[in-house]
Amino acid sequence: MAALLSDFGHDLPTIPTLAPQAKESRIFKYAPRRGTARRGRGWAPATAPAQAWRMTSDQAPVFWPFVSAPSLPPTGAQMGVDQLSGGSFYCDPFGWVLRDDVPATNPNIFQFAKPGTGKSGTTKAFCTRMMSFGYRTLVLGDPKDEYESLCRALGVEPFVIGPGLPARINPLAMGPLGYDWEKLSAEEARRRTTIIFKRWLILVRGLVGSMKIDDERRVPFGPDESDVVRNALAILTGYAAGNSILEETTIPRLWHLLRSPTEELVRACEYGNTRQFLDETRLLRNALGVLVTGTLAGLFDDFTNVEVDWRAPIQSFSLSRLDGLGDEAVGIALLCMNSWGRGLREIAEPGDLRIVVRDEVWKQMRLGVSAVMSFDADLRLSRGMAGKVGDIQFANLHKPSDLLSVGDADSQAAMIAKDLLELADIKILGGQKPRVARELDSMLGFGPIAQELVSGWAMQDKGRALWCVGDATYKVQTVLHPLEKELYYTNDAIAAAG
């Protein structure tokens, strides 16, 4: 038709060709479900199966407890890396207690970890890094001398306690509460006397209660024994005579008074005569006599002759020279050291922030219920006396059975020991064997995921641990500077033997 019309000089009109319009550029590029089929683009031959879950925000933390943990404020010591968020992990116990958004009400720290998993490195790193914030460290008994190198690096010579050495510690020292006694009002003097006598009774109860009558029974310390010791201490210090200034006493002086009781003591204790007094206090006297004349003779039976510089960044008392005397002797030494240290911290200067390290706590805990009660009293110092200052109590234990081994199941000692966990809102759970991880779960209830991390991930490198701050849990890798690794190294003996 077009050719015919063209022969007669006519052309059919043509349809104009439209120019193609350019597409608008995409803001977000489309991603195929299997990924882009190019090198390095993560292409998968099959789509990953997806599961749908429906739950409330209260239920979600049960399935994903670590994802839901809120981040902690970046204050205090920078300890390492939070493996879940990838950010830095900071530890600031007192700062956490003061904040409403952090579920911690006391600054005490319990660290459970198998030997060789970096427990000491984490402890020393925390103490050293908190020094920048004005904190000082007090190591109340170093059974392995692990802190000696750190002390010397900071220009402090540690005290060494052992048989034949000159250092003496009097666990019955009055401490700062005995200062300026002549200037005190009668009411304040009575208040301080009550505090001092209470501490002394807790110590004597722990020391006497640690002695065994046979393989199963320990020396009892009931109301009668407590009354005898309290009256004896009142006579020895001059409090019973109404003296205006208390005189410091020692355990040997207490022992000698009980062996040769005065009429005043017999009358104060309401015994019929001296013979009755001696008959009914025989176990108490003999238990104190073991401390005076036994393996620890010459260590805690005289007045303190060491001068502690409280301005120094760290103070430590090495106890490795007691190793040959057995774990029980070391436990008693730790008990004496802790009571003495508690006395010195009962009145601290405002702003005096202190980290009190308690190593090898299990040796003290196995001395019986009285020793457990003494440790319980130490932990309660964390919030300070009369609202003044307070200490961070940093206790190191190997495993939870250290707490359970203080007595039979459901015994008073075991129940008190388990309750100690409530006095520490910060718990560091280092590497453990699966069986021990299950024990931790039975006591703390942190769930099967945490069990696997403690027995798996945390065992694969030193310094790995789950940090429990209140109800929140964090997966933390402690990071040490090469100089810190060298300074904190505690395997010199093993390395030398190899």
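Given the structure is predicted, the values throughout are model-derived calculations rather than measurements.

Q: Got a sec to walk through the packing of aromatic side chains? Specific residues and values, please.
A: Inspection of every chain in the model, using the stated rule, returns nine aromatic pairs. Taking 5.7 Å as the distance between ring centres and 50 degrees as the angle between the ring planes, the aromatic pair formed by F89 and Y474 counts as tilted. Separated by 385 residues along the polypeptide, F89 in strand 2 (residues 88-91) and Y474 in strand 11 (residues 472-478) bring together distant segments of the chain. By the burial criterion, F89 is buried, and Y474 matches it. Cluster of aromatic residues (ring-pair linked, three or more members): F89, W467 and Y474. Sitting above the plane of the W255 ring, R259 keeps its charged end 4.5 Å from the centroid.

Q: Kindly report on the nonpolar core, identifying the contributing residues and their values.
A: In terms of nonpolar packing, the biggest core is built from 64 residues, with I161, L258, F277, L288 and F317 touching the most fellow members. Secondary structure elements with two or more residues in this core: strand 4 (135-142), helix 6 (186-209), helix 7 (223-237), helix 8 (251-259), helix 9 (263-268), helix 10 (274-280), helix 11 (282-293) and helix 12 (327-345). No other element matches helix 6, which puts 10 residues into this core. For F277, the contacting residues outside a window of four places in its chain are V228, L258, P261, L265, V266, C269, Y271 and R285. Grouped together as the second largest cluster of nonpolar side chains are 36 residues, C91, A104, Y135 and V156 included.

Q: Summarise the sheet that holds strand 6 (residues 314-318); cite the residues concerned and give the values.
A: The 11 strands lie next to each other as 2-1-11-10-9-3-8-7-4-6-5, forming an open sheet whose pairing is mixed. The sheet is open, and its two edges are formed by strand 2 and strand 5 (159-160), each paired on a single side. Two strands pair when backbone bridges link them, and strand 5 and strand 6 are joined in this way by two bridges, in the parallel orientation. Following the sheet pairing, V160 is matched in strand 6 by S318. Together, strand 1 (77-82), strand 2, strand 3 (109-112), strand 4, strand 7 (353-358), strand 8 (391-397), strand 9 (426-429), strand 10 (464-469) and strand 11 form the strand contacts of helix 4 (residues 119-130), whose direction differs from that of strand 1 by roughly 135 degrees.

Q: Please set out the packing of helix 6 against helix 7 residue by residue, giving values where relevant.
A: Their axes nearest at 10 Å, the elements helix 6 and helix 7 cross at an angle of 130 degrees. The angle between the axes of helix 6 and helix 7 places the two elements in the oblique class. When you trace helix 6 past helix 7, the crossing you get is right-handed. When helix 6 is examined against helix 7, the residues F197, W200, L201 and V204 are found in contact with a partner set consisting of S226, V229, R230, L233, A234 and T237. Grouping the amino acids of the contact of helix 6 with helix 7 by side-chain chemistry returns seven nonpolar, two polar and one charged.

Q: Give a detailed account of the side chain of T249, specifying residues and quantitative values.
A: Tracing the backbone through its elements, the reader meets T249 in the loop between helix 7 and helix 8. Residues in contact with T249, not counting those within four places in the same chain, are N170, L172, L233, L236, T237 and F303.

Q: Give a description of the pattern of salt bridges that names residues and reports values.
A: A side chain with one charge can pair with a side chain of the opposite charge if their charged atoms come near. Within the structure shown, the criterion is met by 12 salt bridges. Between D101 and R99 there is a salt bridge whose closest N-O contact spans 2.9 Å. By relative accessible area, R99 is classed as partly exposed at 34%. For the salt bridge of E439 with R435, the shortest nitrogen-to-oxygen distance reads 2.9 Å. On the criterion of helical spacing, the pair formed by E439 and R435 is a turn pair, its members being four residues apart in helix 17 (residues 434-444). One salt-bridge network, held together by shared partners, links D145, E148, R152, E157 and R321.

Q: Break down empty space enclosed by the protein for me, citing the residues and quoting the values.
A: All told, the structure shown has four cavities of 30 Å³ or more when counted by the stated rule. Empty space within the second largest cavity amounts to approximately 50 Å³. As for the second largest cavity, its lining consists of 13 residues, and the residues nearest its centre are Q111, T122, G430, R464 and A465. Contributing elements (two or more residues each) for the lining of the second largest cavity: strand 3, helix 4, strand 9 and strand 10.

Q: Explain helix 11 residue by residue, including any values.
A: End to end, helix 11 covers 16 Å across 12 residues, agreeing with the expected 16 Å (1.5 Å per residue, within 8%). Residues of helix 11 that are buried include every one of L284, R285, A287, L288, G289, L291 and V292, and no others.

Q: I'd love a proper account of the pairing of strand 6, names of residues and values included.
A: Consecutive side chains of a regular strand alternate in pointing toward one face of the sheet and then the other. In terms of burial, strand 6 is largely enclosed, as five of its five residues are buried. Along strand 6, one buried face is formed by I314, S316 and S318 and the opposite face, lined by Q315 and F317, is buried too.

Q: Pulling in residues and values, what's your account of the environment of G390?
A: In this fold, G390 is placed in the loop between helix 14 (369-379) and strand 8. Sequence spacing of G390 and F94 is 296 residues, and the spatial spacing of their C-alpha atoms is 9.1 Å.

Q: Describe in detail the environment of R230, supporting the description with residues and values.
A: Position of R230 among the secondary structure elements: in helix 7. Taking the relative accessible area as the measure of exposure, R230 reaches 34% and is therefore partly exposed. It is 7.1 Å that separates the C-alpha atoms of R230 and L201, two residues lying 29 residues apart in sequence.

Reading the values: the criteria
Residues numbered from 1 in each chain as written. Predicted model: local features only at pLDDT ≥ 70, side-chain atom pairs only at ≥ 80, totals over all residues. Heavy atoms only, no water. Phe/Tyr/Trp six-rings, centres within 6.5 Å; stacked < 30°, edge-to-face > 60°. Helix = DSSP H or I, 4+ residues; strand = E, 2+ residues; numbered from the N terminus. Buried < 20%, exposed > 50% of the residue type's maximum accessible area, 1.4 Å probe, protein only. Lys NZ or Arg CZ within 6 Å of the ring centre and 35° of its normal. Core = buried A, V, L, I, M, F, W, Y, C linked by side-chain atoms within 4.5 Å. Contact = heavy atoms within 4.5 Å. Pairing = 2+ DSSP bridges. Axes fitted to C-alpha atoms, helices over the stretch in contact; angles between N-to-C directions. Parallel < 35°, antiparallel > 145°, perpendicular 65-115°, else oblique. Left-handed = near helix turned anticlockwise from the far one by under 90°. Nonpolar A, V, L, I, M, F, W, Y, C, P; charged D, E, K, R; others polar. Salt bridge = Lys/Arg side-chain N within 4 Å of Asp/Glu carboxyl O. 1 Å grid on protein atoms, 1.4 Å probe; cavity = no way out; pocket = protein on both sides within 12 Å on 5 of 7 lines; lining within 4 Å. Points joined across faces, edges and corners; volume = space filled by probe spheres on them. Expected span 1.5 Å × (residues − 1).

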